[in-house]
Amino acid sequence: MAPPSPHSRASVRPLPLDALYEVLLRVPAKDLCRLRAVCRPWRALLSDLNFIDAHAARHPKRLIVAAHHTDGLAAGHHLFGIMDLSGRVIKRVVRPGQEWVMTALLDVVCVLMTNDMSYLLFNLATGVVSALPHGLAEEHSRRARDISDYRHLVAVGKVASTGEYKVLRVLDKYFEQEQLCEVFTLDGSSHARWRGKKASPDSLHPHPWNRVTINGIVYFLSHEIVKDQGNLSLRIASFDLETEEWREILRAPLNVCYIPIGNLSMASLNGCLVVIHYIRHWPSMDLWFLKDFEKGLWAKQHSIPLKSGFLYEDIPVRPLLVLNDGRILYYEEQKLLRIYDPKTCTSTDVAEIGPYYEIGWYTGSLLSLPEGAGA
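Residues numbered from 1 in each chain as written. Predicted model: local features only at pLDDT ≥ 70, side-chain atom pairs only at ≥ 80, totals over all residues. Heavy atoms only, no water.

Two elements in contact, helix H4 (residues 40–47) and helix H5 (residues 49–58), have axes whose closest approach is 5 Å; the angle formed by their N-to-C orientations is 60 degrees. Judged by the inter-axis angle, H4 sits oblique to H5. Contacts between H4 and H5 pair Leu 45, Leu 46 and Ser 47 from the former with Leu 49, Phe 51 and Ile 52 from the latter. Classifying every residue of the contact of H4 with H5 by side-chain character gives 5 nonpolar, 1 polar and no charged. (Axes fitted to C-alpha atoms, helices over the stretch in contact; angles between N-to-C directions. Helix = DSSP H or I, 4+ residues; strand = E, 2+ residues; numbered from the N terminus. Parallel < 35°, antiparallel > 145°, perpendicular 65-115°, else oblique. Contact = heavy atoms within 4.5 Å. Nonpolar A, V, L, I, M, F, W, Y, C, P; charged D, E, K, R; others polar.)

Structure (structure tokens):
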């Protein structure tokens, strides 16, 4: 084959930058992450915040953040992965330390460092990793013992009026019936600190799937039981991240005379608070949607058959998302993504994704993920 003539080589000209910009906007984010290695100008363009925002607007997509604990595992195990709704892993984030994922919400993953009980906050939308102050709030440090004496229940939320992210943690010393409440505001200040707040009027259940954040309000299932018109019902406590105060107690939708709290959890579906009741003897879950907080009105909208039963107080199922066509994506048996169709009352397997401790959502661009994240 004859070599190309000088004239043909001269006719090959670099693509104008604006044309290259438009072409790259059409390329999937996972491929763009690899293209950053082509040359420095491409890396600069593909890391530019304006380009990332434009690409995210062109490719709106909700992705799953599924997180492991790495405490007790070999170094280099991935801490959390980002996958699409088919279960295909798009990116993994690998960390060297021994860490527990406390929550994954609003494009933020909060991690507890088990060596010193401090926190890291991964903002997936910006790629920023923030270290939160170590130790107890000043209001609690005088009377409380070491922070490692407590179980940690953590939630992250965004205040709509200010756009600020806040971290709420409830520190639980169950056998002594003591719970501390603390708040931290992510305002970029070097003087920011944990602030002690009044504890919940109820003792809160420490399982992470018994709390959920919706529109700046953090809801917790309580250990307490209320008697109303002869019925015994669990209570739901809620904390307003804007006012940093506990709200009025909400009565859960179910009579709990014969329902252990291990058969209940909570989720957010379409911005609505949902209580999930797992029925063990006939494997299924009922979804109760909150219709009116002030009146305490609930409605059971779905009863979903499950693939198999389960033992003890593990919570093996979590509703994740109501799709545009009304079907419900959920996580079952600590390994399966499944979709329930309310029109046919049947579920189908989507993918086997393995066991994960915490599952949340990522709505930003893969291009925002930290450079150290492994693909």
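So, about the sheet that holds strand S7 (residues 128–131). Within a sheet, neighbouring strands are paired by backbone hydrogen bonds and run either parallel or antiparallel to one another. If you trace the 4 strands from one edge of the open sheet to the other, you get S4-S5-S6-S7, paired in antiparallel fashion. The strands lining the two open edges of the sheet, one partner per strand, are strand S4 (99–105) and S7. Ignoring which end each strand starts from, the neighbouring axes of this sheet average 20 degrees apart. Inspection of the sheet shows strand S5 (residues 108–113) paired to strand S6 (residues 118–123) by 6 bridges, in the antiparallel sense. Looking across to S6, one finds that Val 109 is bridged to Phe 122. (Pairing = 2+ DSSP bridges.)

Right, let's talk about unusual backbone geometry for a bit. Note on backbone geometry: most residues besides glycine have negative phi, and most peptide bonds are trans. With phi around 50 degrees, Asn 215 is a residue other than glycine that occupies positive phi space. Its location among the elements puts Asn 215 in the loop between strand S12 (211–214) and strand S13 (217–228). Taking the relative accessible area as the measure of exposure, Asn 215 reaches 71% and is therefore exposed. Phi is positive for Cys 345, which is not a glycine, with a value near 55 degrees. Inspection of the secondary structure assignment puts Cys 345 in the loop between strand S23 (336–341) and strand S24 (346–352). (Buried < 20%, exposed > 50% of the residue type's maximum accessible area, 1.4 Å probe, protein only.)

To continue, consider the pattern of salt bridges. Following the criterion strictly, the structure yields 17 salt bridges and no others. Residues Arg 34 and Asp 31 are paired through a salt bridge, measuring 3.3 Å at the closest nitrogen-oxygen approach. Of the two residues, Arg 34 and Asp 31 both sit in helix H3 (residues 29–35), 3 residues apart, roughly one turn of that helix. Accessibility expressed as a relative area gives 33% for Asp 31, which makes it partly exposed. (Salt bridge = Lys/Arg side-chain N within 4 Å of Asp/Glu carboxyl O.)

Under the counting rule described, the total for this entry stands at 6 aromatic pairs. Ring geometry for Tyr 21 and Phe 51: centres 5.3 Å apart, planes at 85 degrees, overall edge-to-face. Taken as a pair, Tyr 21 in helix H2 (residues 17–25) and Phe 51 in helix H5 lie far apart in primary sequence, 30 residues in all. The buried category is assigned to Phe 51, whose relative accessible area is 0%. On the basis of an interplanar angle of 50 degrees and a centroid distance of 5.8 Å, the ring pair of Phe 220 and Trp 246 is categorised as tilted. Pair noted here: Phe 220 is in strand S13 and Trp 246 is in strand S15 (residues 245–246), with a separation of 26 residues, a long-range link. Accessibility expressed as a relative area gives 17% for Trp 246, which makes it buried. Here the aromatic cluster, defined as three or more aromatic residues joined through ring pairs, consists of Tyr 119, Phe 184 and Trp 194. (Phe/Tyr/Trp six-rings, centres within 6.5 Å; stacked < 30°, edge-to-face > 60°.)

Moving on to the layout of surface pockets. The rolling of a water-molecule-sized probe over the atoms marks out the regions of remaining empty space. Each pocket or cavity is described by its volume, and for the largest pocket that value is around 840 Å³. Taken together, 36 residues form the lining of the largest pocket, with Arg 62, Leu 105, Leu 106, Ser 268 and Trp 361 sitting closest to its centre. Residue assignment for the lining of the largest pocket shows that the elements contributing at least two residues are S4, strand S8 (151–158), S12, strand S17 (264–269), strand S21 (317–322) and strand S25 (358–362). The element contributing the most residues to the lining of the largest pocket is S21, with 5 residues. Classifying every residue of the lining of the largest pocket gives 20 nonpolar, 10 polar and 6 charged. (1 Å grid on protein atoms, 1.4 Å probe; cavity = no way out; pocket = protein on both sides within 12 Å on 5 of 7 lines; lining within 4 Å. Points joined across faces, edges and corners; volume = space filled by probe spheres on them.)

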